[in-house]
Amino acid sequence: MSVRVRFAPSPTGFLHVGGVRTALYVWLFARHHGGTAVLRIEDTDTEREESGAIEQIQRSLDWLGLDFDESPRVGGPYGPYLQSERSERYQTVIERLLAQGDAYQCYQTADELELARAEARQTDDPALPTRLHRDLTADQIAAFERAGRSAVIRFRTPLEGETVLDDLVRGRVVFEHRLLGDTVLMRAGGRPTYQLANPLDDLEMGITHVIRGEDLLSSTPRQKLLIEALGGTFPETAHLSMILGADKKRLSKRHGAASVEEFRDAGYLPEALVNFLALCGWSWDGETELMSVAELIERFSLERVNSAPAVFDHEKLAWMNGQYLRGLDMAAYTAALRGYLADAGSPLADAARLEELVPLVQDKIGTFGEFDALVGSLLEQREPDAESWQKLLNDDHAARILAAAVTALDRLTVFDAETLESALRGVCEELEMKPRQAFGPIRIAITGSTVAAGLYESIAFLGRGASLARLKHAHAAVTGV
RNA sequence: GCCCCCAUCGGCUAGCGGCCUAGGCCACCGCCCUUUCACGGCGGCUACACGGGUUCGAAUCCCGUUGGGGGUACCA
């Protein structure tokens, strides 16, 4: 049987790293097995839905290169892929469950429920409050209806026995039925809950493997029972551990979880994020770190997914991004950089000589976000970094050095990095100074900062006129003229 | 409270009874390279949560404790 897996986010906001990791594993699993990756949007809770969230999720997946075979956008044979458009199916199933006696109306008010829950805390039957209306007589139902109460539909969970789950990453997990409670399948307003829509859609969409976060592990037995009541076979499951923040707390939207788009905006490459996330909870041989998407697809397996939670390691991601950046050829680097700058709204995106700067920065920066600080001043005239400039002004040798540099560079007819190097080394000899000492003021004069790309290359890029102008400007500032 | 999951260096992890005086990567600390910052190279630091078993032998299996996480919604 062909593998069919799904990623089923709810549109409550942006896609964060935990969600993406799940999406990635789902996608890798599908691709590895030559199966089908489905994207389904679980928008059963209109209250929590955020407008634009679906588009944002789709955009993030696109950026990462996770193409889903069936989705709200591209459609597919099992659509619609928006739960809000599948209402009649849920209604049909509810009627069937009611007729079978596997579901029933529950008329409890919120207050009654809360009271019952408070009382139940003292007993050894925590699920009791959920089944108070499980055996209502026809008269009682009629009375509630006459009183104008509306009912939710609950699943009649077996009171005895247990459900065993053989999870692909967690192994055997056993749940006692008496602790499960009677799940609400349909809200009073007639809209389904996740507990109904999710497993039912999995069944109807022919999903073979459910790959999702561990936060959904405890709802699994209820879903399995429901599917079995419907005569269906519950899919295999793989529950992934949570991704934690530096404080070991679960990463979530309200807990410092970065959205995919934040990584894009910070200058990360999608390939790097994918590689990194793949390794966040999975490993191939424990040694190999850098893997292309094709390699990930070939090597990915649920068996090698780690069951322990993982702390999101920003440092390592940054390192990995640098590895990817350094591996790009000049054309690809330029294109990616230009794209990044354009997205960031930087005027440098249109710079004609952008490509010439690639050799100056490629080995130095870990994200495109660092590009501007390093060489931005070579592309446009800017105010120097205040701290660096102060350092220049405080340097007793600055005036001599800058004067000598102006003289030396003024003589040059060829203005390439090599010529500049020998000329500047000549300056050092003339002044009897170490390059370390002499180049500081020159760098600040040229780039406006103590931290910059290679000095000779920077000067060469700037060109004779601009370089001399900057050196003279700095000289004037230092001598107070 | 109750239920479920998890537990190897600071972080990500390898390890599925002897190959482990525990390997790789990131970070960190030295040194080298060097025009700053980086990159790169070399070296170093540091871990099997604890207590009981099982076994000739345990990081690896079992039980307990502790700690962390998740769930306990007419959220997903």
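Residues numbered from 1 in each chain as written. Chains lettered and ligands numbered in written order. Predicted model: local features only at pLDDT ≥ 70, side-chain atom pairs only at ≥ 80, totals over all residues. Heavy atoms only, no water.

A. Structural context of the side chain of R6. You can see R6 is positioned in strand β1 (residues 4-7). For R6, a relative accessible area of 3% translates into the label buried. With near-sequence residues (within four places) excluded, R6 lies in contact with V26, V38, R40, N198, D202, I207, H209, V210, I211 and R212. (Helix = DSSP H or I, 4+ residues; strand = E, 2+ residues; numbered from the N terminus. Buried < 20%, exposed > 50% of the residue type's maximum accessible area, 1.4 Å probe, protein only. Contact = heavy atoms within 4.5 Å.)

B. Representation of the domain arrangement of chain A. By domain assignment, chain A separates into domain 1 (87-240) and domain 2 (383-479). When each unit is reduced to the centre of its C-alpha atoms, the spacing between domain 1 and domain 2 is 74 Å. (Domains from an automatic or database assignment.)

C. Focus on the pattern of salt bridges. In total, this model carries 31 salt bridges according to the counting rule given. Of the charged contacts, one joins R73 and D62 as a salt bridge, the two residues approaching to 2.7 Å between their closest N and O atoms. In this pair, R73 sits in the loop between α2 (53-64) and α3 (87-100) while D62 sits in helix α2, placing the two residues 11 residues apart along the sequence. You can call R73 exposed: its relative accessible area is 51%. Residue classification places D62 among the partly exposed positions, given a relative accessible area of 37%. With a shortest N-O distance of 3.1 Å, K316 and E289 are connected by a salt bridge. On the criterion of sequence distance, the pair formed by K316 in helix α11 (residues 314-327) and E289 in the loop between α9 (270-278) and α10 (293-299) is long-range, its members being 27 residues apart. Overall, the relative accessible area of 31% leaves K316 in the partly exposed class. (Salt bridge = Lys/Arg side-chain N within 4 Å of Asp/Glu carboxyl O.)

D. A look at the packing of aromatic side chains. Summed over all chains, the structure comprises 10 aromatic pairs. Between the aromatic rings of Y107 and F144, the centroid separation amounts to 5.2 Å while the plane-to-plane angle is 15 degrees, which identifies the pairing as stacked. On the criterion of sequence distance, the pair formed by Y107 in the loop between β3 (103-106) and α4 (110-120) and F144 in helix α5 (residues 138-146) is long-range, its members being 37 residues apart. For Y107, a relative accessible area of 1% gives the class buried. (Phe/Tyr/Trp six-rings, centres within 6.5 Å; stacked < 30°, edge-to-face > 60°.)

E. Summary view of the nonpolar core. Among the nonpolar cores identified, the biggest contains 104 residues, and F371, L409 and I442 are the most heavily contacted of them. Two domains share this core, each providing at least three of its residues, namely domain 1 (87-240) and domain 2 (383-479). In this structure, L409 is in contact with F415, L420, A423, L424, I459, R464, L468 and L471, ignoring residues within four places of it in sequence. Among the nonpolar cores identified, the runner-up in size contains 20 residues, and L97, M186, A197 and L226 belong to it. (Core = buried A, V, L, I, M, F, W, Y, C linked by side-chain atoms within 4.5 Å.)

F. View of the protein's contact with RNA strand B. Neighbouring residues of RNA strand B: 65 residues in total, closest R170, R187, K249, K364 and R443. Backbone sugar and phosphate groups make up 73% of those atoms of RNA strand B lying within 4 Å of the protein. At 2.9 Å, a backbone N or O of G286 approaches a base nitrogen of RNA strand B. For RNA strand B, a sugar or linking oxygen lies 2.9 Å from a polar atom in the backbone of D363. Elements with a minimum of two residues in the surface near RNA strand B: α4, β4 (152-155), β6 (171-176), α6 (194-204), β11 (310-311), α11, α18 (435-447) and α19 (455-462). (Near = heavy atom within 4 Å. Polar contact = N/O pair within 3.5 Å; in protein donor to acceptor, adjacent residues only side chain to side chain.)

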